[in-house]
Amino acid sequence: MLRSFALPACLGVAALAAFVPALVGGSLRDQANGGGVGSRAQIRAVGSSTVYPFTTIVAEQWLASAPDARAPVIESTGTGAGMKLFCAGIGAAHPDIADASRRMKPAELQTCAKNGAGEVLEIQVGIDGIAFAEAKNGPAMQLTPADLYRALAAAPLGHPNTARTWRDVNPALPAVPIQVYGPPSTSGTRDALAELILKRGCEDTDPSAKSLKDDALAARCTRVREDGAYVDAGENDNLIVQKLQSNPNAIGVFGYSYLEENANAVNGVPISGVKPTYDSIASGAYPGSRPLYIYVKKAHLGAIPGLRRFVVAYTTLWGPDGPLVKRGLIAAPPAIRARSAEIVRTEQTLTAQDLGA
């Protein structure tokens, strides 16, 4: 389910109207080699449902300090879908920012470059954890990556998954049906579930899996079953919380911020004995810890009104005592925050080598 955010855009429109068409409609279209269409006076971000609430908070804070600006439009499309929109080109028709709950893939950067949008800033804004949750009156599950692999993989150990209850997976677990509500295949959270949990569980179960590559690895380790045990709940993480309340035996998968926000309704499920908490995720003790990013088109920084200041605003809000942490973000270590702030200051762009390509 796509969500979008836009604060009332009633201030300063007339003042901006005089110069925005020339600034955006002309300069940005020139940079896009004819790819841009029309003009745009407001920032547009797309992408991760996990990063979405943090970018909306930045938008609120930024707009409060720039009352003459147009309200940013922020859409929760999922990381994969957001990358497709982001990398489609530069110009007023294309987003300025991609929120991402995983790192950009080399192939996505190649697509950006092919479409004239290859100059991109990669900015880590913090850390998150893939949280597994259950209702307050749930079965008090204690899981491991191996349990989750055996429960959710389409072909654990190379055989079709026939497990129907958690006890089928592990005799120590309750005999309740496997029912997991989680993100769709376009989500960075789903990618992180595959890489951080299912792949690890696969290797713990079958050490020979460490030698598998690409399609063979996906088939054995990270492809999720499609027989109803795993339910694609879309990009609306709040919907997963609602489903857990109506189905207490189910498990939900979403970013840590939603667990914290709904602590009165759901409990975090420990993974390998570690509960998803701020401290366990920040330290890396929790198995599902992952970095969060925003990607910004350099060509748009001087063309979309306020975009450069908006990105700088992110760097002032992501600290341990900042509003993003109060909303559920895990602050990155000081060295990472300093590195990200330096990328913003110097507008250093991402390279294929940075991504290991």
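Procedures and definitions
Residues numbered from 1 in each chain as written. Predicted model: local features only at pLDDT ≥ 70, side-chain atom pairs only at ≥ 80, totals over all residues. Heavy atoms only, no water. Salt bridge = Lys/Arg side-chain N within 4 Å of Asp/Glu carboxyl O. Helix = DSSP H or I, 4+ residues; strand = E, 2+ residues; numbered from the N terminus. Buried < 20%, exposed > 50% of the residue type's maximum accessible area, 1.4 Å probe, protein only.

Draft legend 1. Representation of the pattern of salt bridges within the structure. If you walk through the whole model with that rule in mind, you get 13 salt bridges. Of the charged contacts, one joins E75 and R44 as a salt bridge, the two residues approaching to 2.9 Å between their closest N and O atoms. With E75 in strand β3 (residues 73–76) and R44 in strand β2 (residues 44–47), this pair connects stretches of sequence that are 31 residues apart. Between E108 and R102 there is a salt bridge; the shortest N-O distance is 2.8 Å. On the basis of relative accessible area, E108 is assigned to the buried category, the value being 14%. Accessibility expressed as a relative area gives 11% for R102, which makes it buried. One salt-bridge network, held together by shared partners, links R102, E108 and D191.

Draft legend 2. Summary view of unusual backbone geometry. Of note in this structure, A140 is not a glycine but carries a positive phi near 55°. Structurally, the position occupied by A140 is in the loop between β5 (120–135) and α6 (145–152). Of note in the backbone geometry, D214 takes a positive phi value of approximately 45° without being a glycine. Take D214: it is sitting in helix α9 (residues 214–222). Under the relative-accessibility criterion, D214 is labelled exposed at 66%.

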